[in-house]
2 protein chains.
Amino acid sequence: MRQTLMAVRIGKQATGTMDEKSITPNHPSKSQERPTLKTIAFMTGLGITTVSRALKDAPDIGADTKERVRLVARQLGYQPNRAGVRLRTGKTNVIALVLSIEEELMGFTSQMVFGISEVLAGTQYHLVLTPHSHQRDPMMPVRYILDTGSADGIIISRVAPEDQRVALLTERGFPFATHGRTDMGIMHAFHDFDNESYVYQAVRKLIARGRTRIALLPPPSNLSYYHHSRIGFERALAETGASEVPVGRVTSESSLGMIKEFAENLMRNHAPPDGIVSISGSATVALIAGTEAAGKVLGKEFDLVSKQSADFLNWIRPEILTVNEDVRHAGRELAKAIIARIDGVAPDLLQSISHPTWASAAPV
Amino acid sequence: MRQTLMAVRIGKQATGTMDEKSITPNHPSKSQERPTLKTIAFMTGLGITTVSRALKDAPDIGADTKERVRLVARQLGYQPNRAGVRLRTGKTNVIALVLSIEEELMGFTSQMVFGISEVLAGTQYHLVLTPHSHQRDPMMPVRYILDTGSADGIIISRVAPEDQRVALLTERGFPFATHGRTDMGIMHAFHDFDNESYVYQAVRKLIARGRTRIALLPPPSNLSYYHHSRIGFERALAETGASEVPVGRVTSESSLGMIKEFAENLMRNHAPPDGIVSISGSATVALIAGTEAAGKVLGKEFDLVSKQSADFLNWIRPEILTVNEDVRHAGRELAKAIIARIDGVAPDLLQSISHPTWASAAPV
DNA sequence: CAAATTAACTGTAACGTTTCAGATTGTTTT
DNA sequence: AAAACAATCTGAAACGTTACAGTTAATTTG
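Residues numbered from 1 in each chain as written. Chains lettered and ligands numbered in written order. Predicted model: local features only at pLDDT ≥ 70, side-chain atom pairs only at ≥ 80, totals over all residues. Heavy atoms only, no water.

Asks: Honestly, the relation of the copies chain B and chain A in this entry has me stumped. Any pointers?
Replies: One chain copy maps onto the other through a rotation about an axis and a shift parallel to that axis. Once turned by 180° and shifted 0.1 Å along the axis, chain B lies on chain A with an RMSD of 0.1 Å. Taken together, these values place the two copies in the relation of a two-fold axis. When the interface residues of chain B are mapped onto chain A, 100% of them again lie at the interface, so the same face is used by both copies. (Least-squares fit on C-alpha atoms with pLDDT ≥ 70 in both. Contact = heavy atoms within 4.5 Å.)

Okay, structure coming up:
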C-alpha cells in the first residue's frame, strides 16, 4: 500500500460529500469558504484525523501522504482555525502585553510594542494589549488573563522589587516575562536595562568634568529600577567622594510642571548641584526648562546626563550627555523570552540585561 | 408553573451529573475549573440552552428564571468562553489595530492605543496589534485579517487619498474605521484631525506677526493629510498675498538629520523664510536645530508653528506656536466608531473631525 | 370538552480541532 | 498456516457555544 491511494476512494459517503456551500450569486465562483481540515481531507481522499496528524508531522503517517497533504494545504492557503484549536487545546496563541497608562510618553510604549511584534511576526502568536491604570488595580489585568485563560503568556513592565503580579503568576505556574527585575527570591524571565551601571557611569562622567555636587532625579520609589539607580548613584559617590544634592519627593514621573518648578528652585539654592542625572527623557525636558529659568547655563554652570528611549535630547541641547535605552530591543528580548517560557524553557535561561551605550557627543 | 422549579429536578441524568473533575492534589479544593454554561445549568437545574438564552435575555425565558440564572452566573463569575463563541458564531470580539512602524515616534502610537483601550475596556472587545512595515506591503495585514477572520473590525491609519485597503475592506463589507480621510467616493467611518484648518490658521498667525515668506514642512505626499495641509496653506497664502518658500522633497518623515541639514541650508539662502509651519513635533525638533545652526533666532528672525501629539515643544522653546493633536481622543473616537460600525451603524454617521486648539503661549 | 394556542423550557447538531482507541492492511514470526 | 507484528489510516468524542426544531404543560378558544 505504498502509492496506491491516489484518490481511489473518493467521496467518503459517511462524513458527507464536501457539502458544496451554495455559491453566493454576486461572486461568481471565487467566494470559496475558508479551507478547513475537512476541505483538505476531501481533496486528498483522506480522513480528517489523518490530515491533522500529517500536518503536524506525526510519526504514524506515511511520508508520501504527508507530502501530499502539505501540498494541498499550501495550495489552498490553509490556516488552522484559531478558535477550533483554542477550544480543543486551550492554546490561545496570544501573548498579552500588560501596560500601564502611566508608561513614559516619549515613544517608550510604541517601541516596546514594535519590538515585540517584530519577533511575533514570525510566529503564530498575536499580540493583545491590556492597558490599565496602574494606580487603581495593578492586579486586575493579570487576574483577568489568568481567570479567563485568554493568553498563553504575559509580558509585564514597571515591576516592583516585591511584585504581587510576579508572585501570583509564579504561584499559578503561568508563563510570563517582565521588563525589569524583582527582588523576592523568585526566578523568572526578564529583560532589564542596567540602570545601576547607567547612573554609576553618569556620575563618573560628571565627576570627570569636575562636577562634585550631584543630584539624581530617580524613578518612583516603588519601582525596581529606583533601587538600581540609587545603588549606582551611591556607589559612584562613595568611590569619588562627591556629594549628593537631594531632590526630595520629586521623581521622573512627577508632572513636567512640578519638575520644572523643582529644578528652578533647586538651582536657585545657595548651594545648587553642578551635575544632574536624569533617568527619563521627558523629565529631562522639564529639568532643562527649570534650570534655565533659574539662569543657569547647561555645560557651563552645570552638566546634565540623561537616559532617553528616543533619540531627541541632543537635538535640543547637544551638551546633554545621553544614553539611549533601546526599548525596541527590550521588546524583542521579552518576546523571545516569553515564547521560550511557553515552550517550557527554564526561566533562569531567559534573563538578559542591556548595558548603557553612550551616544556620540552630537548628532549629524 | 411559576415558581415551582426551585431545584426540584436535580441531577439530570441524561446529560450526566456535573462530572466532578478530579481535584488536583496540590490545590486542596479551591481549584475549581472555570465555570461554563454547563456549570450554571447544573447548579440551577436548567438546560444548557435555557441558561444560554436566559443570559442573553431572550423573550422565551421566564423572568424569574432569568433572574436566577443571572444570579448564579454572577456568583460564579461566569465569563463566556471566547473560543466557544468564536467557533460557533464567527464573532471574534477582537478589534485589530493595523499600524505601520513608520508611525510618528513621539508618543503618537501609544496615545492612540490608550485612547482605543479606554473605550474597549468597557466592552467585550480585545485589542490586537498588527504592526507591519508600511513600505513593504501595506495590504498584507488587512488581507490576513480578512482571510482568517481574526477580527470583527479594523482600525487603520496613515491613509492615502486613494487607499487600497479602504477599497478592499469596503468591497468585502468588512467593518473598519480610519484615522484620516480618503478621497475616492467611498463612504466610511473615520476620525481625522483638521490639518487644513491647522495649517491655514498657522499661516494666518505667522502673517499676523508680520511674516510674509512662509515655508511648510508637510507630511509625505502619498498621505491624505499632505493634501489637506497644502490646501490650507495655499488658501492662507492666497488670502494674504504672502509667498511660499518651497522645501523641495523634504517631509516631516525625512530623517531628523536630513531635516536639520535642509533647515540650515534653507535659512542660509539669500532669501530665507521668516515663518515655518511644521506638521510634526519630532520634525520640529530637527528644524529648530537646523535654523539655529544657521544662526537664526526663533521669534526674532523667524517664527515657527508646529503641531505635536505630546506636549513637549514649548518646554524646549516657549516661542514656538503649538497645536496639540489629541491622539488619545482620536483613539477613543475610532474605537467608538468601529464598534458602532460592527453593530451595523451606517458609516456616514461615524465620521468626526478634531479641530485645532492653540496651546497657551507657555506652559506652567 | 376537544382542539388550538401560548409560555417556558430542552436536546441535538454544528462550528474546527485534537485525542483516543481502534481498524485495516500487509508482513513477519513461529 | 496461524499468530503476532508493524505500518497507516480512521471514526467518535470532546472542548463551549448557539440556532433550530422540538416538547411539555398550562391556558384559551370554539
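That shown, we press on.
Asks: What am I meant to see in the side chain of D274(A) here?
Replies: All names here are of chain A. Inspection of the secondary structure puts D274 in the loop between α10 (256-268) and β8 (275-278). Despite being buried, D274 has no salt bridge partner; R211 is the closest side chain of opposite charge, sitting 4.9 Å away. Excluding residues that lie within four positions of it along the chain, D274 makes contacts with G210, R211, T212, R213, I214, E301, F302 and D303. (Helix = DSSP H or I, 4+ residues; strand = E, 2+ residues; numbered from the N terminus. Buried < 20%, exposed > 50% of the residue type's maximum accessible area, 1.4 Å probe, protein only. Lys, Arg positive; Asp, Glu negative; His and termini not counted. Salt bridge = Lys/Arg side-chain N within 4 Å of Asp/Glu carboxyl O.)

Asks: Just to check I follow, could you spell out the nonpolar core for this structure?
Replies: For soluble globular proteins, nonpolar side chains are generally found buried alongside one another. Judged by nonpolar contacts, the single largest core of 56 residues is most densely connected at L287(A), L304(A), F312(A), L287(B), L304(B) and F312(B). When residues of this core are traced back to their parent elements, those giving at least two are β6 (213-217), α10, α11 (281-293) and α12 (313-316) of chain A together with β6 (213-217), α10 (256-268), α11 (281-293) and α12 (313-316) of chain B. Other than its neighbours up to four places away in sequence, F312(A) contacts M106(A), G281(A), S282(A), V285(A), M106(B) and V285(B). The next biggest cluster of nonpolar side chains, apart from the first, holds 48 residues, and it includes I338(A), V113(B), V119(B) and I339(B). (Core = buried A, V, L, I, M, F, W, Y, C linked by side-chain atoms within 4.5 Å.)

Asks: Any chance you could explain the interface of chain B and chain A here in plain terms?
Replies: The figure often quoted for interface size is the accessible area lost as the parts come together. Listed by partner, the interface residues are 44 residues for chain B and 44 residues for chain A. The junction of chain B with chain A conceals about 3,900 Å² of combined surface from both sides, 68% of it contributed by carbon and sulfur atoms. Where chain B meets chain A, there are 0 salt bridges. Summed over the shared surface of chain B and chain A, the number is 6 residue pairs in polar contact (both at pLDDT 80 or more). Of all elements in the fold, only α4 (82-89), β1 (94-100), α5 (108-120), β2 (126-132), α6 (140-148), α10, α11 and α12 of chain B reach the threshold of two or more residues within the side of chain B that touches chain A. Per element, the largest residue contribution to the side of chain B that touches chain A is 6 residues, and it comes from α5(B). Across the side of chain B that touches chain A, the residue classes tally to 21 nonpolar, 13 polar and 10 charged. Where strand β2 (residues 126-132) of chain A lies against β2(B), 3 bridges are found, and the strand directions are antiparallel. Paired with V128(A) across the bridge in β2(B) is V128(B). (Buried area = accessible area lost by both parts, 1.4 Å probe. Polar contact = N/O pair within 3.5 Å; in protein donor to acceptor, adjacent residues only side chain to side chain. Nonpolar A, V, L, I, M, F, W, Y, C, P; charged D, E, K, R; others polar. Pairing = 2+ DSSP bridges.)

Asks: It is not clear to me how empty space enclosed by the protein should be interpreted in this structure. Could you clarify?
Replies: In this approach, a probe sized like a water molecule rolls over the atoms, and the result shows the empty space that is left. Counting across every chain of the model gives 9 cavities of 30 Å³ or more. The calculated volume of the largest cavity comes to roughly 130 Å³. Forming the walls of the largest cavity are 13 residues, and the residues nearest its centre are R86(A), V94(A), R86(B), V94(B) and V128(B). Going through the elements one at a time, α4 (82-89) and β2 of chain A together with α4 and β2 of chain B are the ones with two or more residues in the lining of the largest cavity. Looking at the lining of the largest cavity, its residues break down into 4 nonpolar, 5 polar and 4 charged. (1 Å grid on protein atoms, 1.4 Å probe; cavity = no way out; pocket = protein on both sides within 12 Å on 5 of 7 lines; lining within 4 Å. Points joined across faces, edges and corners; volume = space filled by probe spheres on them.)

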